[in-house]
Amino acid sequence: MSVPTWPGAVVHDALGLAFGADEGAEPAHALVGLALRRNPRRAHLPVSRVLGKHLPTRPGRVRAAGEALAARVRPCLDGPGGAPVVLGYAENATALAHLVADALDAEQVVHTTRRVVAGAAVLLSVVEAHSHAPRHVLLPDDPGSWTPDRPVVLVDDELTTGRTVATTLHQLQARLPRRRYVVAALADLRRRDDDAIERAAAALGVRVDVVAPARAALTAPVDVLDRAARLLATWPDALARPVGGGGVVTTVHLPLDGAAEGARHGLDRAGRAALDTAVPPAAGAIAAALGPRPGRVLVLGCEELHYLPLRLADALAARGTDVDVAATSRSPLVARDVPGYPVRSALAFAAHDVALGHGPERYAYGLGTPGWGRYDTVVVVVDAAARTPGLRRPDGLLARLATVAGRVVEAVVPCRGPSGRAFRSAPARRGPAFGTFAPDEVGWLLSDVSDAPLETPRAERETAIDAGVHYAETLPEESAPSPAYARVVAAALERSSGSVATAVGVLAERVLALRGPRAVLVSLARAGTPVGVLVRRWAVRERGVALPHYAVSVLRGRGLDRAALDALVAAHDPAALVFVDGWTGTGGILDEVAADLARYAEETGVVVDPTVAVLADPAHRAAVHGTRDDLLVPQACLDATVSGLVSRTVARADLLAPGAYHGAKYYAGGLDRTARFLDAVSVGSAPVVPGASSPPDGRGPRYLAALGRELGGRRARPGIGETTRALLRRDPEAVLIARDADEDLDPVRHLCRERGVAVRELPGCLDGIAAPYRCVGVLRVR
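Residues numbered from 1 in each chain as written. Predicted model: local features only at pLDDT ≥ 70, side-chain atom pairs only at ≥ 80, totals over all residues. Heavy atoms only, no water.

This part covers the sheet that holds strand 23 (residues 407-413). Spatially, the five strands line up as an open sheet ordered 14-23-22-16-17, and their pairing is parallel. Pairing within the sheet leaves two strands with one partner each, and these edge strands are strand 14 (248-253) and strand 17 (323-327). Between one strand and the next, the sheet's axes are offset by a mean angle of 20°, whatever the strand orientation. In this structure, strand 16 (residues 297-301) lies alongside strand 17, joined through five bridges in parallel fashion. Opposite Val297, over in strand 17, you have Val323 as the bridge partner. (Pairing = 2+ DSSP bridges. Helix = DSSP H or I, 4+ residues; strand = E, 2+ residues; numbered from the N terminus. Axes fitted to C-alpha atoms, helices over the stretch in contact; angles between N-to-C directions.)

This is the structure we're talking about:
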């Protein structure tokens, strides 16, 4: 039986865990306790007693633990090589890594993150299979100073198996190889057969030293997860979700004078010096807000934002304040108010930022219970990116803290984005530097690859696509339309502009009904982009609402541009996003978006509604649409000419850096009719009242299935939009046109004559399904 005063005894005994003999300078029991957590992959969590993370701790004790760990690292750095780079793991070791870097005068310190950060390039992605949120990423601004002679020091609060470190070693060595690494943790709890780090070192041919003040093997029985499940089903949990707190909440904005609030994107010596300079005045601002008699104070960081709160608490302690430091957490721990258990109280609150793999709640531990709080005042340090409306919800952090403390001070610090940019919104390319749309009408979440030779002759491109090369590897040749074709298109668009304008108004009303005035338009580049611009114009003119509008890439078989999606959910409420496209052929892009967003939700925990609002939906697949007619959509007829002179999107690893947006070209100086088309439709629009919309019944794909049998399995491109695309970019064998098709299809007929493509009649009804399309392109069999 373990000693009951140790805050790990309860879990140690209940789960049948066993600590081996202490082999370090300090006993493991002195540095860690053990808590039960709600996680089907790992039953327990070693909880540090000196880190000031889950358990409120004196800031001086935390600082001393970091300095002591750095002292164990220092002898491993003897020999040739520059100052080290220190890398900490989110979320528990962010402050610890910074303390180690300070003590070692490191070249740079950076930590991994689970936050979704707009515009940041991912150097590597770490997956902790046992974690509540397995994926975190490394986003240094510039790893160029990580020269091969510099050792990298990997810092974590504890080692249980070493597998996360081993994965990091393999990834770092593949990208930024070097000869020396040091792994530093407060407690090394690996079993003797947990040799993942040593095996990685041998496989890579590198030196890896592992240092820790406490070493003792922690072993678990084979049925530990079953034991934990029984405990979770029977133990009372002291986790609280109180409402109606009486504490007073005030806000103070802390000046950092341009210093970064943390090391999410890396801090070199100059960056750390700037933060050192910013801490005293920031602490002074907090002290002024606290007044002369603040009582017992807790400085509470928010998850990864831990080092700056620690420094502020340390500065307050130097002023004579009775202060502890802690930080909120994503780790779902069980709380029990019994001797021998480390987490005696817990508050759950609504998540207030967007993170990889995040759930709907976050947690604050050790603050006491409603009416019996341990602190008179809680100072919550939050950065601007995490200061969202969720923070002030009735179930948010500030309201929950007000139930356990008489006073809550919200201390807001700036949030430095990648490359020193202030965190504001999704970074995007805009006209006139990229594209000819007005800069306020759309932001392109695309990389500019205008200088790359990507255009490929039609026959060569067809052969490559037939051989399995993805269409996004190259671009079709896009030449200016012939004068005759341009006249035919202009006449057709003049006739159809009224129908297009009405469909735009209906679509805009339905988008606003779906999302309200907080909607963020996300058009699927590039066919959806003119539609997004028109919807935005309509909302401004008719409803007085200026909706943000971005254009992103989506590719068949590959999904949405993940970097662009991360940028959007970091900059905007994911619930406000609504995707916009030009038309449906079979509705395949709708399926692509839905499948990819399901994967995104599984990987990141961020749920984005997969609804795609479509201007023309002849496939009868879209719930939100402007019309179900097979509408003549100009961007299908004229490509870049009416799409801001921007190409289709491309995605090639040899062109784009890791974490970069998909690419596109800007054909600056080309023949541009974008403004003419937009203005013609906008002038022709009028207020509309959308009628009732029938639910999508998928008649388009059903009709195509029947048509496919008539065509002997040949591939079809249904609808005016897809047929015109096929004529401009592919090599169709024939085009089927409805008998009653009017002059709107003159552009299709003209292209068939120019290209020498046969025209045949489209069956009006197949298998009892009336043709929902006015034309269908039939691709040549190769």
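From this point on, the discussion continues.
Below, the discussion takes up the confidence of the model for the chain. Confidence in the prediction of the chain, expressed as mean pLDDT, is 88, and 94% of residues score 70 or more. The low-confidence segment residues 420-425 (pLDDT under 50) makes 14 contacts with residues lying over four places distant or belonging to another chain. (pLDDT = per-residue confidence, 0-100. Contact = heavy atoms within 4.5 Å.)

Leu15, Phe19, Leu36, Val155, Leu312, Tyr341 and Val379 are the most contacted members of the largest nonpolar core, which has 93 residues in total. The residues contacting Leu15, other than those within four sequence positions of it, are Leu36, Ala43, His44, Pro221, Val224, Arg227, Ala228 and Leu231. (Core = buried A, V, L, I, M, F, W, Y, C linked by side-chain atoms within 4.5 Å. Buried < 20%, exposed > 50% of the residue type's maximum accessible area, 1.4 Å probe, protein only.)

This next bit is on helix 9 (residues 307-318). Every α-helical turn comprises 3.6 residues, leaving residues that sit three or four positions apart pointing alike. A rise of 1.5 Å per residue sets the reference length of helix 9, with its twelve residues, at 16 Å; its end C-alpha atoms lie 17 Å apart and thus fit the reference within 8%. With nine of its twelve residues buried, helix 9 lies for the most part within the structure. Taken residue by residue, helix 9 has Tyr307, Leu308, Pro309, Leu310, Arg311, Leu312, Ala313, Ala315 and Leu316 as its buried positions. A positive backbone phi angle near 100° is found at Gly320, which sits one or two residues after helix 9. (Expected span 1.5 Å × (residues − 1).)

Turning to the packing of aromatic side chains, a few remarks are in order. With the rule as written, the count across this model stands at seven aromatic pairs. Taking the centre distance of 6.1 Å and the plane angle of 55° together, the rings of Phe434 and Tyr666 count as tilted. One end of the pair, Phe434, is in the loop between strand 23 and strand 24 (443-444); the other, Tyr666, is in the loop between strand 34 (663-664) and helix 17 (674-684), with 232 residues separating them in the sequence. Using a relative accessible area of 2% as the deciding quantity, one classes Phe434 as buried. Ring centres of Tyr703 and Tyr773 lie 6.5 Å apart, and the angle between their planes is 55°; on these two criteria the pair is classed as tilted. Taken together, the residues Tyr703 in helix 18 (residues 699-710) and Tyr773 in the loop between strand 39 (769-770) and strand 40 (775-779) connect sequence positions 70 residues apart. The pair Tyr703 / Tyr773 is uniform in exposure class, with both members buried. (Phe/Tyr/Trp six-rings, centres within 6.5 Å; stacked < 30°, edge-to-face > 60°.)

Before going further, it helps to examine the environment of Tyr471. Along the chain, Tyr471 turns up in the loop between helix 11 (458-466) and strand 27 (475-476). In sequence terms Tyr471 and Val540 are 69 residues apart; their C-alpha atoms lie 36 Å from each other.

On inspection of all chains with the given rule, the structure shows 61 salt bridges. For Glu303, the salt bridge is made with Arg330, and the minimal N-O distance between the two is 2.8 Å. Taken together, the residues Glu303 in the loop between strand 16 and helix 9 and Arg330 in the loop between strand 17 and strand 18 (346-350) connect sequence positions 27 residues apart. When its relative accessible area of 3% is taken as the criterion, Glu303 is described as buried. Each member of the salt-bridge network shares a partner with another, and the members are Lys53, Glu91, Glu261, Arg264, Glu303, Glu304, Arg330 and Arg362. (Salt bridge = Lys/Arg side-chain N within 4 Å of Asp/Glu carboxyl O.)

Let's shift gears to unusual backbone geometry. That bond from Ala90 to Glu91 is cis: its omega, -5°, falls within 30 degrees of zero. Note that Glu91 resides in the loop between strand 4 (85-88) and helix 4 (94-104). Residue Pro432 is reached from Gly431 by a cis peptide bond, and omega for that bond is 5°. Considering the arrangement of structural elements, one finds Pro432 in the loop between strand 23 and strand 24. Phi is positive for Asp105, close to 50°, though the residue is something other than glycine. Turning to its location among the elements, Asp105 is positioned in the loop between helix 4 and strand 5 (108-111). On the basis of relative accessibility, which here comes to 42%, the residue Asp105 falls in the partly exposed class.

Time to look at the packing of helix 12 (residues 483-515) against helix 20 (residues 746-755). Two elements in contact, helix 12 and helix 20, have axes separated by 9 Å at closest approach and are oriented at 165°. Judged by the inter-axis angle, helix 12 sits roughly antiparallel to helix 20. The crossing of helix 12 and helix 20 is left-handed. Contacts from Ala484, Tyr485, Val488, Val489, Ala492 and Arg495 of helix 12 reach helix 20 at Asp746, Pro747, His750, Leu751 and Glu754. (Parallel < 35°, antiparallel > 145°, perpendicular 65-115°, else oblique. Left-handed = near helix turned anticlockwise from the far one by under 90°.)

We now examine the sheet that holds strand 37 (residues 758-761). The four strands are arranged 35-40-36-37 in an open sheet whose pairing can be described as mixed. At either margin of the open sheet sits one strand with a lone partner, and together these are strand 35 (716-718) and strand 37. Ignoring strand direction, the axes of neighbouring strands in this sheet form an average angle of 25°. As paired strands, strand 36 (residues 732-737) and strand 37 are joined by four bridges and run parallel to one another. From the neighbouring strand, Leu736 faces strand 37, where its bridge partner is Arg760.

Okay, the state of the cysteines next. A complete count under the given rule lists zero disulfides for this structure. Looking at Cys415, it has no disulfide partner, and the nearest cysteine sulfur is the one in Cys302, 12 Å off. By relative accessible area, Cys415 is classed as buried at 6%. (Disulfide = S-S within 2.5 Å.)

Turning our eyes to something else, we now look at the pairing of strand 9 (residues 180-188). With respect to burial, strand 9 is a largely interior element, nine of its nine residues being buried. Inspection of the sheet shows strand 8 (residues 152-159) paired to strand 9 by seven bridges, in the parallel sense. Bridge pairing in strand 9 places Asp156 opposite Ala185. The pairing of strand 9 with strand 10 (residues 207-211) spans five bridges and is classified as parallel. Looking at strand 10, one finds that Ala184 is bridged to Val211.

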